[in-house]
Amino acid sequence: MNRDNLDFGNGQIGALFRALFFPTLIGMVFNSALNICDGMFVGHGVGSNALAAVNIVVPVFLLCTGIGLMFGIGSSVICSIRLAENNVKSARIIMTQAFVAGTVLFGGFAVAALLFTPQLLAVLGCSEILYDDASDYLLWLLPGMMFLYFECIGMMLMRLDGSPRYAMMVQVVAAVLNIFLDWLFVWHWRTGVAGAAIATSLACVVGGLLILFYFMFQAHYLRFYRLKMTVKSFRLSLRNIGYMIKIGLATFLSELAMGVMIITGNHAFLLMLGEPGVAAYSIGCYLFPILFSISNAVAQSAQPIISFNYGAGNHRRVRSALRLSLATAIVCGIIVTLGMWAGAPMLSQLFISPADKAYVIAANGLPLLGCCTVFFALNITFIGYYQSIENAVRSTAYTLLRGIILLVPCFLVLPSVLGISGLWLAIPAAEALTLAVIIMQYLRKHIHPHV
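Residues numbered from 1 in each chain as written. Predicted model: local features only at pLDDT ≥ 70, side-chain atom pairs only at ≥ 80, totals over all residues. Heavy atoms only, no water.

Novice: Describe the overall build of the protein chain, with residues and values.
Specialist: Looking only at helices and strands, the protein chain has 14 helices and 0 strands in total. Seen in sequence order, the protein chain has helices and strands lined up from the N terminus as α-α-α-α-α-α-α-α-α-α-α-α-α-α. Along the first, second and third principal axes, the C-alpha atoms of the protein chain reach 60 × 45 × 35 Å. The contacts in the protein chain between residues at least 6 apart in sequence include a share of 82% that link residues at least 24 apart. (Helix = DSSP H or I, 4+ residues; strand = E, 2+ residues; numbered from the N terminus. Contact = heavy atoms within 4.5 Å.)

Novice: Quick rundown of a nonpolar patch on the surface? Include the residues and the values.
Specialist: A grouping of I330, I334, L338 and W341 is seen on the molecular surface, where their side chains present a nonpolar patch of about 380 Å² in accessible area. Along the polypeptide, I330 turns up in helix 9 (residues 315-351). (Patch = residues over 30% accessible without salt bridge, like charges linked within 9 Å, V, L, I, M, F, W, Y side chains within 5 Å. Areas by Shrake-Rupley, 256 points an atom, 1.4 Å probe, with all protein chains shown as cover. Salt bridge = Lys/Arg side-chain N within 4 Å of Asp/Glu carboxyl O.)

Novice: So what's going on with helix 8 (residues 231-312)? Residues and values would help.
Specialist: Counted at 1.5 Å a residue, the expected span for helix 8 with its 82 residues is 122 Å, but the 32 Å between its end C-alpha atoms falls short. Remark: the principal bend of helix 8, roughly 140°, maps to L273, with a proline, P276, within the next four residues. Of all the 82 residues making up helix 8, 59 are buried; the element is thus mostly covered by neighbouring parts of the structure. (Expected span 1.5 Å × (residues − 1). Bend = angle between axes of the 7 residues up to and from the residue. Buried < 20%, exposed > 50% of the residue type's maximum accessible area, 1.4 Å probe, protein only.)

Novice: Help me get a handle on the side chain of T65, residues and values and all.
Specialist: Position of T65 among the secondary structure elements: in helix 2 (residues 48-84). Aside from chain neighbours lying at most four places away, what touches T65 is L148, C152 and E255.

Novice: Give a description of the environment of L369 that names residues and reports values.
Specialist: Among the secondary structure elements, L369 is positioned in helix 10 (residues 357-369). For the pair L369 and L423, spaced 54 residues apart in sequence, the C-alpha to C-alpha distance is 9.0 Å. If sequence neighbours within four positions are ignored, L369 has contacts with G284, M340, W424, I427 and P428.

Novice: Describe the layout of surface pockets, naming the residues involved and giving the relevant values.
Specialist: Reported here for the largest pocket is a volume of approximately 370 Å³. Around the largest pocket, the lining comprises 19 residues; the ones closest to its centre are I93, Q97, S233, L236 and N240. Sort the elements by how many residues they give to the lining of the largest pocket and helix 8 lands first, with 7 residues. Quantified by volume, the second largest pocket comes out at close to 280 Å³. Along its surface, the second largest pocket is lined by 14 residues, and V100, F234, S237, L238 and I241 are the ones closest to its centre. Broken down by class, the residue content of the lining of the second largest pocket amounts to 9 nonpolar, 4 polar and 1 charged. (1 Å grid on protein atoms, 1.4 Å probe; cavity = no way out; pocket = protein on both sides within 12 Å on 5 of 7 lines; lining within 4 Å. Points joined across faces, edges and corners; volume = space filled by probe spheres on them. Nonpolar A, V, L, I, M, F, W, Y, C, P; charged D, E, K, R; others polar.)

Novice: Give me the state of the cysteines: which residues, what numbers.
Specialist: A complete count under the given rule lists 0 disulfides for this structure. The thiol sulfur of C332 is not disulfide-bonded, and the nearest other cysteine sulfur, from C372, lies at 14 Å. The class of C332 is buried, set by a relative accessible area of 14%. With no disulfide of its own, C372 lies 8.1 Å from the sulfur of C371, the closest cysteine sulfur. Residue classification places C372 among the buried residues on the basis of a relative accessible area of 1%. (Disulfide = S-S within 2.5 Å.)

Novice: Which residues make up the side chain of T399, and what values do they have?
Specialist: Relative to the elements of secondary structure, T399 occurs in helix 12 (residues 392-405). A residue is classified by how much of its surface remains accessible, and T399, at 0% relative accessible area, is buried.

Novice: So what about empty space enclosed by the protein? Which residues, and what values?
Specialist: For the structure on display, the rule yields 6 cavities of 30 Å³ or more. A volume near 270 Å³ is recorded for the largest cavity. Residue lining of the largest cavity: 21 residues in total, with M28, N31, T65, E255 and S293 positioned closest to the centre. Mapped by element, the contributors of at least two residues to the lining of the largest cavity are helix 1 (13-45), helix 2, helix 5 (131-160) and helix 8. Of the residues contributing to the lining of the largest cavity, the split by class is 11 nonpolar, 7 polar and 3 charged. What the second largest cavity holds in volume is close to 100 Å³. Lining the second largest cavity are 14 residues, with T251, N296, A299, G384 and Q387 positioned closest to its centre. Classifying every residue of the lining of the second largest cavity gives 6 nonpolar, 8 polar and no charged.

Novice: Requested: an account of the packing of aromatic side chains, with residues and values cited.
Specialist: Enumeration according to the criterion identifies 24 aromatic pairs in this entry. Each residue in the set F99, F147, Y149, F150, Y166, Y214, F215 and F224 is aromatic and connected to the rest through ring pairs, giving one cluster. Sitting above the plane of the W187 ring, R190 keeps its charged end 5.0 Å from the centroid. (Phe/Tyr/Trp six-rings, centres within 6.5 Å; stacked < 30°, edge-to-face > 60°. Lys NZ or Arg CZ within 6 Å of the ring centre and 35° of its normal.)

Novice: Run through the packing of helix 2 against helix 8, naming residues and quoting values.
Specialist: At a closest axis distance of 6 Å, the pairing of helix 2 and helix 8 adopts a crossing angle of 10°. In this view, helix 2 runs roughly parallel relative to helix 8, as classed from their interaxial angle. Classifying every residue of the contact of helix 2 with helix 8 by side-chain character gives 39 nonpolar, 19 polar and 2 charged. (Axes fitted to C-alpha atoms, helices over the stretch in contact; angles between N-to-C directions. Parallel < 35°, antiparallel > 145°, perpendicular 65-115°, else oblique.)

Novice: Break down unusual backbone geometry for me, citing the residues and quoting the values.
Specialist: At N86, a position not held by glycine, the phi torsion is positive, near 60°. Tracing the backbone shows N86 in the loop between helix 2 and helix 3 (88-115).

Novice: Account for the packing of helix 8 against helix 9, naming residues and giving values.
Specialist: Relative to each other, helix 8 and helix 9 sit at 170°, their axes nearing to 10 Å. On the basis of their axis angle, the class for helix 8 and helix 9 is roughly antiparallel. Residue composition of the contact of helix 8 with helix 9, grouped by class: 17 nonpolar, 5 polar and 1 charged.

Novice: So what about the pattern of salt bridges? Which residues, and what values?
Specialist: Pairs can form between side chains of opposite charge once their charged atoms are near each other. Per the stated rule, a full pass over the model turns up 2 salt bridges. In this structure, the salt-bridge partner of E431 is R402, at a minimum N-O distance of 2.9 Å. Highlighted residues: E431 in helix 14 (residues 420-445) and R402 in helix 12, separated in sequence by 29 residues. For the pair E431 and R402, a shared accessibility class is recorded, and that class is buried.

None of the figures reported here should be taken as evidence of function without further support.
This is the structure:
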């Protein structure tokens, strides 16, 4: 694996991790700008109700990225092991199957979303006041989501192919284009939430096309492979796709968990604080992808190192990569926490005017939400580790624990005990409790020197 001098089997762990982490971090943070820019321009250019409407639709965006990351992680782990075994043909087949399977899966969802828009928005917690803006945003967002899927799956496979800098470039280009188009459509042409969705869709199309261009013409190992159209080949494809889903399911559930977080939080904030509360909460939801991107950059940078050496049977290097990724997660989490504590008023003002009712709610609540960052970063890193060593049971269980099993009760119980503070502390509480479970289980199972 020498495309960018990345020798996963023999290179120094620290150097390999840095070579992957910084381009991955930059690319993923820029990619998070796709949603944040929409929020900034919509909040100031249209209003806080429009901002809340966009937040209603965000779970659809997360579903798309979840499918992409699920197949991206699943195929990347399997391809890493196949490349460690010098089986390049098998790795190419796995990659091609991942692209095809996700395309069919998300295509079916997109058609269903177009046919049943009112029902979908009702499930997402949309009120009558927010319906028109939410439906406009959804209908213009869907066309670009297929290309966002290509971008999500391609990022991880490109890094495995030895091209983390190209992956970073794709995400930076898409994010910068989205910023410009948001300004053009929302601020200059005053096209409202529909313009914000069009801007995001066009940026996703460009990112997706760059991904396809890479694997068609520039890839080193991982190129598209012509699949056989036979019954036997179809059965083998289904088996491989099932295994990819099994490995990557935790990542999909992480995105789904953010959707559950948004939907549950929207209902809770709407019940206690009305539309201004949903608008304030939406600011936290817009910032949360930044936290997820940073944490995911840590996990994804360690993943090819861990998977490759796991496939090669080098458990010492696996443990070294895990320790380094956990230390990095702690540092990143602390930095983000301090930023949210110190910068809550400024962050709130990026999205809405200080004269808006939602501004005070957000400025007071973001520091409380920021308490979750270290716990969240460590949870995502541990989940990524278990995915990388093909332990799908643990990665899936911990994802369900932090994203649904503990989160929903925290949103139901804490506001009744702590009032408005409990709304903001529900997520930190769920993450902290999950981390406690993970650490106890890890110490019990991994106290011995083997993986």
